[in-house]
Amino acid sequence: MKNPDVATQIRPTVSRAFLEDWLAVLRWHCSAVQFAELMEGAGLSSGASPRGRVTHDQIVRLYQLAAVEMGDEMTGLWSRPIRPGALKHLCTSMRGASSLSAALFRFTSFWNLLLDDYSLRLDGDDEVFSVVLVPRNPDEPQRFGHMLLLKLAHGILSWFAGRELPLLRVDFAFDRPDFAEDYPVLFPATVRFGQTCSAISFAQLSAAPGLARSDAEMQEFLQRAPRDWIFTEQREHALPLRIRELLLSSDQLQYGLQDAARDLNMTSRTLIRRLNSENTSFQEIKDGLRRDFAIRDLNGRDKSIEAIAQDLGFSSAANFHRAFKRWTDLTPGNFRKFPTG
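In this text the structure is predicted, and so the values were computed from the model without any measurement. (Residues numbered from 1 in each chain as written. Predicted model: local features only at pLDDT ≥ 70, side-chain atom pairs only at ≥ 80, totals over all residues. Heavy atoms only, no water.)

A.B. asks: I'm lost on the pairing of strand β4 (residues 128–135) in this one. Help?
C.D. replies: Within a regular strand, side chains alternate between the sheet's two faces. Bridging between strand β3 (residues 118–124) and β4 involves 7 bridges; their strand directions are antiparallel. Bridged to R121 within β4 is V132. Across 6 bridges, β4 lies against strand β7 (residues 198–203) in antiparallel orientation. Bridge pairing in β7 places L133 opposite S198. (Pairing = 2+ DSSP bridges. Helix = DSSP H or I, 4+ residues; strand = E, 2+ residues; numbered from the N terminus.)

Written out as structure tokens, the structure reads:
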């Protein structure tokens, strides 16, 4: 597992538990047959363990299939369906804005015409602009829906800017879930839970111009949805992902905590404390990367389980079996037969 050429393709997976709110909505809106077909089409199992892992490609495929099947570009997450073509109109409106802050105003105005569940408030000054989801009713927040709408604000504005925009922070109006470690995979910022309202905050947008996006560029962005707006390439604000990037660019089997602390210009004790505050550790990050390499190679099917175990630094296939089952609740052999989250 030494400095692979395909390092940038080893994207973090997310836990199956992260999808459960969304899957519950799909089960509610679809027949049992429709739901099973959606899951099969996305390469997901209907009855997988919450400890299972889900790849970017599976999430993208499930969204694309569900949006078409349901005729709803937000796949049933809100009380009113978002009809096909709505996101195209949103992109068209935003790309005609004179600045990023003006584009963000058009984003909130657009959704305020369509959503019954929330109004979107734009708070801003010369330093910080925030999109805030203000509830119109006292219902429990839909965790996946909040994530998707805030990620759409980040993704579509970054597309208009021509670069991934850094975030100051992301707030969620629900308690910290058991799968909180999945959120930095999507949001390159400090993520806070248990806040009054869900919100996403950007810095210094007031006068920044966007790009003159063509119809062809917009069509490509929409065809790839949600790939270009739900996942992030930014790593500078999320310490666990910064360490993951350091591991990817090194000899991961030899790279240790002291190496990471040196490269991050901090002491080992400070790094341990910082990671503890984010409910993780250096070893957990390293194991997570090995898990994602294993998932990629098992899906690829061109390497034996023994070869994968050796490449990942396990002394035996049996040790790899035990570790993989601890990570996903499946043995490598069962995962290869049924590579689903």
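A.B. asks: For this particular structure, what's the right way to read the sheet that holds β3?
C.D. replies: Two orientations exist for strands paired in a sheet by backbone hydrogen bonds: parallel and antiparallel. Here we have 5 strands laid out as an open sheet, ordered β3-β4-β7-β5-β6, and mixed in their pairing. Strands with a single pairing partner mark the edges of an open sheet, and in this sheet they are β3 and β6 (190–192). Averaged over neighbouring strand pairs, the angle between their axes works out to 15 degrees when direction is ignored. When strand β5 (residues 167–171) meets β7, the two strands line up antiparallel, connected through 4 bridges. The partner of R169 across the bridge, within β7, is S201. (Axes fitted to C-alpha atoms, helices over the stretch in contact; angles between N-to-C directions.)

A.B. asks: Could you clarify how one ought to interpret the environment of L114 in this entry?
C.D. replies: Tracing the backbone shows L114 in helix α5 (residues 100–114). Judged by its relative accessible area of 23%, L114 is partly exposed. For the pair L114 and R83, spaced 31 residues apart in the sequence, the C-alpha separation amounts to 9.8 Å. In this structure, L114 is in contact with R80, I82 and A86, ignoring residues within four places of it in sequence. (Buried < 20%, exposed > 50% of the residue type's maximum accessible area, 1.4 Å probe, protein only. Contact = heavy atoms within 4.5 Å.)

A.B. asks: When you look at the packing of helix α4 (residues 86–94) against helix α6 (residues 143–161) in this model, what are you seeing that I'm missing?
C.D. replies: Each pair of packed helices can be described by the angle between their axes along with the distance between the axes. Interaxial distance between α4 and α6 falls to 11 Å at its minimum, and their mutual angle equals 45 degrees. One element, α4, and the other, α6, form an angle in the oblique class. The way α4 lies across α6 gives a crossing that is right-handed. Between α4 and α6, the contacting residues are L87, L90, C91 and M94 on the first element and L152, I156, L157, W159 and F160 on the second. (Parallel < 35°, antiparallel > 145°, perpendicular 65-115°, else oblique. Left-handed = near helix turned anticlockwise from the far one by under 90°.)

A.B. asks: Hey, could you run me through the pairing of β5 in this one?
C.D. replies: One ladder, built from 3 bridges, connects β5 with β6; its direction is parallel. Residue pairing across strands places R169 opposite T190, the latter belonging to β6.

A.B. asks: Can you help me understand the side chain of D292 in this one?
C.D. replies: One can find D292 in helix α13 (residues 282–300). Side-chain polar atoms of D292 contact the side chain of T13, separated by 2.6 Å. (Polar contact = N/O pair within 3.5 Å; in protein donor to acceptor, adjacent residues only side chain to side chain.)

A.B. asks: What's the story with the packing of aromatic side chains in this structure? I'm lost.
C.D. replies: Each aromatic ring pair is described using two quantities: the centre-to-centre distance and the angle formed by the ring planes. Scanning all chains against the criterion turns up 22 aromatic pairs. Measuring from centroid to centroid gives 4.7 Å for W22 and F144, while their planes differ by 10 degrees, and the two rings are stacked. With W22 in helix α1 (residues 20–29) and F144 in helix α6, the pair connects residues that are 122 residues apart, well separated along the chain. Accessibility classification places W22 together with F144 in one group, the buried group. The interplanar angle of 20 degrees and the centroid separation of 6.2 Å between the aromatic rings of F179 and Y183 together place this pair among those described as stacked. Positioned above the aromatic ring of F187, the side-chain terminus of K151 is 5.4 Å from the ring centre. (Phe/Tyr/Trp six-rings, centres within 6.5 Å; stacked < 30°, edge-to-face > 60°. Lys NZ or Arg CZ within 6 Å of the ring centre and 35° of its normal.)

A.B. asks: Could you clarify how one ought to interpret α1 in this entry?
C.D. replies: Along α1, the residues classified as buried are D21, W22, L23, V25 and L26. Check the buried side of α1 and you find it contacts α2 (32–42), α3 (56–70) and α6.

A.B. asks: Just to check I follow, could you spell out the nonpolar core for this structure?
C.D. replies: Looking at soluble globular proteins, one finds that nonpolar side chains tend to be buried together. Core analysis: the largest hydrophobic core is formed by 78 residues, its most contacted members being F107, W111, Y183, F187 and W229. For this core, the element with the most residues is α6, which contributes 12 residues. Residues in contact with W229, not counting those within four places in the same chain, are Y63, M74, L87, L148, K151, L152, G155, I156 and F221. Counting 29 residues, the second-largest nonpolar core is a separate cluster that includes A294, I308, W327 and F335. (Core = buried A, V, L, I, M, F, W, Y, C linked by side-chain atoms within 4.5 Å.)

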